[in-house]
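What follows is the residue order along each chain.
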Amino acid sequence: MLLAVLSWLCTSLLVSVRGGKLPEAEVNIEVLHRPFLCHRKSKYGDILLVHHEGYFQNGTMFHSSYTEGDKQAVWFTLGIREVIIGWDKGLQDMCSGEKRRLTVPPSLAYGKEGRGKIPPESTLTFVIEVMEIRNGPRSHESFQEMDLNDDWKLSKEEVKEYLRKEFQRHGYPPNDTHHESMVEDIFVKEDENKDGFISSREFTYKHDEL
């Protein structure tokens, strides 16, 4: 249940910075193919089926889902860090059948530590094709857990409090500025009637028809 809520809530937003700090790293996105007809576009919380190839900066391929392992495309939920942050950022607003090339800086990939055959501080390039997009689940039980005062609608404070607890539970330090930005983005997208609350209907049924 909590994974379902995180699929809806946990976005990787760019938070504006002040005081002379360096801007956050970006993913470079190049669209290689986009189908003529696009019935829906990927968003945080969707479950994606993708094929992918990964390359080092010198052009050497380090992985391909087409040829390695069981040669099957992989499923993951967009926006909850099941994959590297560069994928969460770079695979938004994609159509089924679309292919992109993502150039991902180290801070949005495997960072200073690296992973497996990936050396530390590696900028990586991925060619990713989205094969299928499915709705992530939303449940009535999840809504009730977030609705702290049982008024059948979610306030910004209730959503922010739930984010804070979930980030701590999953080992991420609390960050009120980041949480506030996430809440604002969630309400822009989910508060359909713009009344300042997310109703149980908006939470449970919004986007199901897409």
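Please refer to the structure placed before this passage.
The sections below set out a description of the structure shown in this document. Here the structure is a predicted model, which is why all the values come from computation and not from measurement. (Residues numbered from 1 in each chain as written. Predicted model: local features only at pLDDT ≥ 70, side-chain atom pairs only at ≥ 80, totals over all residues. Heavy atoms only, no water.)

What to know about the state of the cysteines
Under the defined criterion, the tally for this structure stands at one disulfide. Each disulfide pairs two cysteine sulfurs, and for C38 the partner residue is C95, the sulfurs being separated by 2.1 Å. Its S-S torsion of approximately -105° makes the covalent link between C38 and C95 left-handed. Here C38, found in the loop between strand 1 (28-33) and strand 2 (47-55), pairs with C95, found in the loop between helix 2 (85-90) and strand 5 (99-104); they are 57 residues apart in sequence, far enough to count as distant. (Disulfide = S-S within 2.5 Å. Helix = DSSP H or I, 4+ residues; strand = E, 2+ residues; numbered from the N terminus.)

Here's the deal with the pairing of strand 3 (residues 61-64)
Note: strand 2 against strand 3, three bridges, orientation antiparallel. If you follow Y55 over to strand 3, its bridge partner there is M61. Linkage of strand 2 to strand 3, two consecutive antiparallel strands, is achieved through a turn of five residues, within which G59 is found at a positive phi near 95°. (Pairing = 2+ DSSP bridges.)

Concerning the environment of M131
By the element assignment, M131 lies in strand 6 (residues 124-134). Considering only alpha carbons, one finds M131 and A73, 58 residues apart in sequence, at a separation of 7.9 Å.

Details of the nonpolar core
One finds F76, W87, L91, V104 and F126 to be the most contacted residues of the largest nonpolar core, which totals 22 residues. Listing elements by their share of this core, those giving two or more residues are strand 2, strand 5 and strand 6. For this core, the element with the highest residue contribution is strand 6, accounting for five residues. Once residues within four sequence positions are removed from consideration, F126 is found in contact with E53, G54, F62, I84, W87, R100, R101, L102 and V104. Residues V159, V183, I198 and F203 belong to the second largest nonpolar core, which totals 13 residues. (Core = buried A, V, L, I, M, F, W, Y, C linked by side-chain atoms within 4.5 Å. Buried < 20%, exposed > 50% of the residue type's maximum accessible area, 1.4 Å probe, protein only. Contact = heavy atoms within 4.5 Å.)

Some details on the pattern of salt bridges
All told, the structure shown has twelve salt bridges when counted by the stated rule. The partner of D46 in a salt bridge is R40, and the shortest N-O contact between them spans 3.1 Å. Each member of the pair, D46 together with R40, is buried. Between K160 and E180 there is a salt bridge, and its shortest N-O distance comes to 2.8 Å. (Salt bridge = Lys/Arg side-chain N within 4 Å of Asp/Glu carboxyl O.)

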